[in-house]
Amino acid sequence: MVDAPPSDLRDGCSVDAPPTALTAAAVHAARHDIRTWVRHTPLVPSPSLSERVGARVWLKLETMQDIGAFKIRGAVNTLLSLSEDERRRGVVTVSTGNHGRAVATAASRLGVRAVVCMSELVPEVKRLAVERTGAEVRIVGRSQDEAEVEANRLVAEEHMVPVHPFDDPRVIAGQGTIGLELLEDLGRVDHLYCGLSGGGLLGGIGLALKSASSSTRVVGVTMEHGAAMAESLRAGRPVAVEELPTLADSLGGGIGLDNRYTFDLVRRVLDQPVLVSEAEIAAAMRFLFREERLVVEGGGAACVAPLLREPAPRLDGNVVCVLSGRNVDPDKFMAVVGEKARAN
Ligand SMILES: *Cc1c(COP(=O)(O)O)cnc(C)c1O
């Protein structure tokens, strides 16, 4: 379920991508373009979290987005920007996670051919989920690497168009539309808590919010098990990190050693990275289920974990937590939320 693309796909992307500027205007344009294809998701108050931190805490329910995660925004925005010729050639991805679902669904809605390459080892339920969207599944080899080789071949030989999960201005602008919805619904955001992996989500929202008010504080939350962006920020350049299994699987994957956009953007808009433990992610999933009756995947719940720390942080004004997705295996979810609450 890791959404990191192979490096060749990234190169292909950079060749095809138009030089879209990363500006708030690009996010406004995306908002206009995708509005009939993507849901304006609910923003609901959380009385329990508000009481904890002494401010108004709001939950942005990207869990209610079609496909159950925000990535449909960037995928639709990218596909809408394709030329007639690119649309005919079709799009390709190797992700079987939220990015793969988003690309497959967006393509089927817009009448564009999509191929998702995956290895024989991908569980049948995931394959069926992709097939249900109408995308073509190509099963190749016994590893993610072999699936990537096939995807690269489709790009090189059949001229299919790769869609990057985060490092593309069109994707970033699409995810940034969440920020515009927050401004519309709330007027102002004082603190943003958001999951951080490749940085398309946080970069896009941060761009939209900070263009409206530079005093908005942006907090990016990642798991300790493979915090590629946080490590890269510390090193001052994109670095690879060891990846360990994590409950926040949708936050896995590197940022790409040849990162073109999100590293610089995140460096610009992020005020504070926070690393959370597996126990803290589990506690956040449990909290959201028990207190708010919400089903949220690990990568979507992680952003709430800093608010659950002791002593509780004291905040002011409007605090927004972006619950970015709900696509978690039901058995895994039940095991996590069923566990007795314990101290972290
Ligand atoms: C992809 C994803 C993220 C991280 O988004 P980036 O743009 O890679 O930082 C967070 N939450 C969920 C549910 C995701 O699918």
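To start, this report covers the structure provided alongside it.

Thresholds, definitions, all that
- Residues numbered from 1 in each chain as written.
- Predicted model: local features only at pLDDT ≥ 70, side-chain atom pairs only at ≥ 80, totals over all residues.
- Heavy atoms only, no water.
- Near = heavy atom within 4 Å.
- Polar contact = N/O pair within 3.5 Å; in protein donor to acceptor, adjacent residues only side chain to side chain.
- Areas by Shrake-Rupley, 256 points an atom, 1.4 Å probe, with all protein chains shown as cover.
- Helix = DSSP H or I, 4+ residues; strand = E, 2+ residues; numbered from the N terminus.
- Buried < 20%, exposed > 50% of the residue type's maximum accessible area, 1.4 Å probe, protein only.
- Contact = heavy atoms within 4.5 Å.
- Pairing = 2+ DSSP bridges.
- Axes fitted to C-alpha atoms, helices over the stretch in contact; angles between N-to-C directions.
- Parallel < 35°, antiparallel > 145°, perpendicular 65-115°, else oblique.
- Nonpolar A, V, L, I, M, F, W, Y, C, P; charged D, E, K, R; others polar.
- Left-handed = near helix turned anticlockwise from the far one by under 90°.
- Right-handed = clockwise from strand over helix to strand, strands pointing away.

Another aspect to go through is the site of the ligand. Around the ligand, the structure places 15 residues, and the nearest of them are K71, N98, G198, G199 and S324. In the environment of the ligand, an oxygen atom lies 2.9 Å from a nitrogen or oxygen atom belonging to the backbone of S197. G199 places a main-chain nitrogen or oxygen 2.8 Å from an oxygen atom of the ligand. Alone, the ligand offers 390 Å² of accessible surface; in the complex the protein occludes 98% of this.

Turning to the environment of T222, a few remarks are in order. For T222, the location among the structural elements is in strand β8 (residues 217–223). Assessed through its relative accessible area of 4%, T222 is described here as buried. For the pair T222 and L275, spaced 53 residues apart in sequence, the C-alpha separation works out to 5.1 Å. With near-sequence residues (within four places) excluded, T222 lies in contact with L196, A227, L251, V274, L275 and V276. A polar contact is formed between the side chain of T222 and the backbone oxygen of L196, at a distance of 3.2 Å.

To continue, consider the sheet that holds strand β1 (residues 43–45). Spatially, β1-β2-β10-β7-β8-β9 is the arrangement adopted by the 6 strands of the open sheet, whose pairing is mixed. Two strands close off the open sheet at either side, each with one partner strand: β1 and β9 (272–276). Averaged over all neighbouring strand pairs, the angle between strand axes comes to 25°, with direction disregarded. Direction of pairing for strand β7 (residues 191–195) relative to β8: parallel, over a ladder of 5 bridges.

Turning our eyes to something else, we now look at helix α11 (residues 228–235). All buried positions along α11 are accounted for by A228, M229, A230 and S232. Trailing α11 by a residue or two, G236 shows a phi angle of about 85°, which is positive.

What follows deals with the packing of α11 against helix α12 (residues 262–269). Running from amino to carboxyl end, α11 crosses α12 at an angle of 75°, the nearest separation of the two axes being 11 Å. Taken as axis vectors, α11 and α12 run roughly perpendicular relative to one another. Facing M229, S232 and L233 of α11, the residues of α12 in contact are T262, F263, V266 and R267. Tallied by class, the residues present in the contact of α11 with α12 amount to 4 nonpolar, 2 polar and 1 charged.

We now examine the packing of helix α4 (residues 72–80) against helix α9 (residues 169–186). With their axes 7 Å apart at the nearest point, α4 and α9 run at an angle of 130° to one another. Viewed along their axes, α4 and α9 adopt a mutual orientation that is oblique. Regarding α4 and α9, the two cross each other, and that crossing is right-handed. Where α4 approaches α9, its residues R73, G74, N77 and T78 are matched on the opposing element by R170, V171, A173, G174, Q175, T177, I178 and E181. Residue classes in the contact of α4 with α9 are distributed as 3 nonpolar, 6 polar and 3 charged.

The subject of this paragraph is the pairing of strand β5 (residues 136–139). Where strand β4 (residues 114–118) and β5 come together, 4 bridges link them in parallel fashion. Bridge pairing in β5 places V116 opposite V137. Handedness of the crossover joining β4 and β5 through helix α7 (residues 124–132) is recorded here as right-handed.

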